[in-house]
Amino acid sequence: MTASDASSAIWHPFTQHGLREPIPLVERAEGALLHTADGQTVIDAISSWWVTTHGHCHPKIMAAIADQADKLDQMIFAGWTHQPAEDVAAGLRAIMPQSLTRVFFSDSGSTAVEVALKMALGYWHARAEKDGGRPRHRIIVMEHSYHGDTIGTMSVGERGVFNQAYEPLLFDVARVPFPASGARQETLDALEDLCKQPDTAAFIVEPLVLGAGGMLVYDAKTLASMHEICSRHGVLFIADEVMTGWGRTGTLLACEQAGIEPDILCLSKGLTGGAVPLAVTMASELIFEAHWSTDRARMFFHSSSYTANPLACAAAAANLAIWREEPVLERIADLAHRQTEWLVKLGQFCHFENPRQSGTMAALDLRTSGEGGYLDTLAPRLLAFFRERGLLLRPLGNTVYVMPPYCITDEQLGQVWDAIGEAVISF
Ligand SMILES: *Cc1c(COP(=O)(O)O)cnc(C)c1O
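For the chain, the name recorded in an unreviewed UniProt entry is Adenosylmethionine-8-amino-7-oxononanoate aminotransferase, with Novosphingobium indicum as its organism. As recorded by UniProt, the Function (unreviewed entry) comment attached to the chain reads in full: "Catalyzes the transfer of the alpha-amino group from S-adenosyl-L-methionine (SAM) to 7-keto-8-aminopelargonic acid (KAPA) to form 7,8-diaminopelargonic acid (DAPA). It is the only aminotransferase known to utilize SAM as an amino donor." Regarding the chain, the relevant UniProt record gives this comment under Pathway (unreviewed entry): "Cofactor biosynthesis; biotin biosynthesis; 7,8-diaminononanoate from 8-amino-7-oxononanoate (SAM route): step 1/1."

Structure representation (structure tokens):
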């Protein structure tokens, strides 16, 4: 069954309804598979937009949600607490960088980033009150970045067709170029210059992989150098690991590969294994202390109604237990290895360019006669091609990427890459 425009009132995200593309109705999911109401089985090769880590409907996560549902639903979190949230905070403290001592809950990657930006400006505001002088407010961002779709997160992201209409509402930021291979030094020099400016508050970056910007990868050495520059100038380093966290790049955090600890860390997507929405912004003691006071006018003024939802926290606690009890990193290493093999195999075709990989994510660009970029005419045709073959792949313009749940089988992964190879011959 397909819900047509006529029968549904739903306005879908990132969907042009005027194109009247079919909108499949999904009934069930398990592992790497989605099952539609009309009986089709679909391989979810992009982890349902990068959220699903272990696989759909992981029994331990679903059981934890069901158990929690018997006990406690949403409750106020301002000045109150509950055990699932305490478990998540303690679990995160045990495995996340040691300097990140505080856990602030919210409900999406975008809000985790908004909170991070507010924490950074709050920190500089408090410091200015104490030491005198003007508080720092300028945010440095990286070209091609994506941090979400709210006004604040669009402001720190790449400007383009996505946010053209809202440009008048977006705040000013300073940009460094993407550290493409060979252009690394330009990025570092630009960052150094901007960090010297007296109004620079923080640098926000997606470590190792720029996801929505086209699965652009850069090396851990550059990430380490960027962190070194920021800390030398006292500029706060915000790592947006909403996509890269939870093993995507081969390690629990991408920052690990650079041996760095950010001042502020944003996590969401895989925090609950991808089952239900939840996010955290973790902060160093310095950031927390800047907001610490006996003056109520200086507390951190942020909350959302569903902060630390108990069901979502139960799912996150179950995810943390899976990371403790199951060989997740081995699974990730194995998947990364299989991805490399396929990338090498397909990278040989002259129709492909720029094969690239970071852990479980593998991408390549199809040579196109179109203009390239997100609106390249190839993208919708590819989408339909893959959908006909029972595959959920959603190319970013002419960039095809595979980012599956860690449980995907050899056979399922083979089907995905075979179809990508086939697409090249057909287009
Ligand atoms: C997905 C994503 C976000 C936004 O997360 P939402 O939960 O969709 O709001 C922010 N940053 C990065 C790097 C992302 O990939």
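J.: Any details on the packing of helix 2 (residues 59-69) against helix 10 (residues 310-325)? Residues and values, ideally.
T.: Interaxial distance between helix 2 and helix 10 falls to 8 Å at its minimum, and their mutual angle equals 145°. Where helix 2 crosses over helix 10, the two elements pack in a sense that is right-handed. On helix 10, the residues that touch Lys60, Ile61, Ala64, Ile65, Gln68 and Ala69 of helix 2 are Pro310, Leu311, Ala314, Ala315, Ala318, Asn319, Ile322 and Glu325.

J.: Quick one: what's the story with the domain arrangement of the chain, residue by residue and with numbers?
T.: Domain annotation of the chain identifies domain 1 (2-57 + 328-426) and domain 2 (62-325). On the side of domain 2, 26 residues touch domain 1, which itself brings 28 residues to the contact. Between domain 1 and domain 2, roughly 2200 Å² of surface is buried when both sides are summed, and carbon and sulfur atoms account for 67% of that area. Our count for the domain 1 to domain 2 interface comes out at 0 salt bridges. Scanning the region where domain 1 abuts domain 2 turns up 11 residue pairs in polar contact (both at pLDDT 80 or more). Of all the secondary structure elements, the ones that give two or more residues to the side of domain 1 that touches domain 2 are helix 1 (47-50), helix 11 (328-347), strand 13 (352-358), strand 14 (361-366) and strand 16 (399-402). Here the residues of the side of domain 1 that touches domain 2 are counted per class, giving 18 nonpolar, 9 polar and 1 charged.

J.: Lay out the pairing of strand 12 (residues 279-284) in plain terms, naming residues and giving numbers.
T.: Across the 6 residues of strand 12, 6 count as buried, placing the element largely inside the fold. Here strand 12 shows two buried faces, one formed by Ala279, Thr281 and Ala283 and the other by Val280, Met282 and Ser284. Relative to strand 12, strand 4 (residues 100-106) is paired through 6 bridges, and the arrangement is antiparallel. In the strand pairing of strand 12, Arg102 is matched with Ala283. In this sheet, strand 12 lies alongside strand 11 (residues 264-267) in antiparallel orientation, the contact comprising 4 bridges.

So, how was this worked out
- Residues numbered from 1 in each chain as written.
- Predicted model: local features only at pLDDT ≥ 70, side-chain atom pairs only at ≥ 80, totals over all residues.
- Heavy atoms only, no water.
- UniProt positions renumbered as here; feature names shortened; annotations may be inferred.
- Axes fitted to C-alpha atoms, helices over the stretch in contact; angles between N-to-C directions.
- Helix = DSSP H or I, 4+ residues; strand = E, 2+ residues; numbered from the N terminus.
- Left-handed = near helix turned anticlockwise from the far one by under 90°.
- Contact = heavy atoms within 4.5 Å.
- Domains from an automatic or database assignment.
- Buried area = accessible area lost by both parts, 1.4 Å probe.
- Salt bridge = Lys/Arg side-chain N within 4 Å of Asp/Glu carboxyl O.
- Polar contact = N/O pair within 3.5 Å; in protein donor to acceptor, adjacent residues only side chain to side chain.
- Nonpolar A, V, L, I, M, F, W, Y, C, P; charged D, E, K, R; others polar.
- Buried < 20%, exposed > 50% of the residue type's maximum accessible area, 1.4 Å probe, protein only.
- Pairing = 2+ DSSP bridges.

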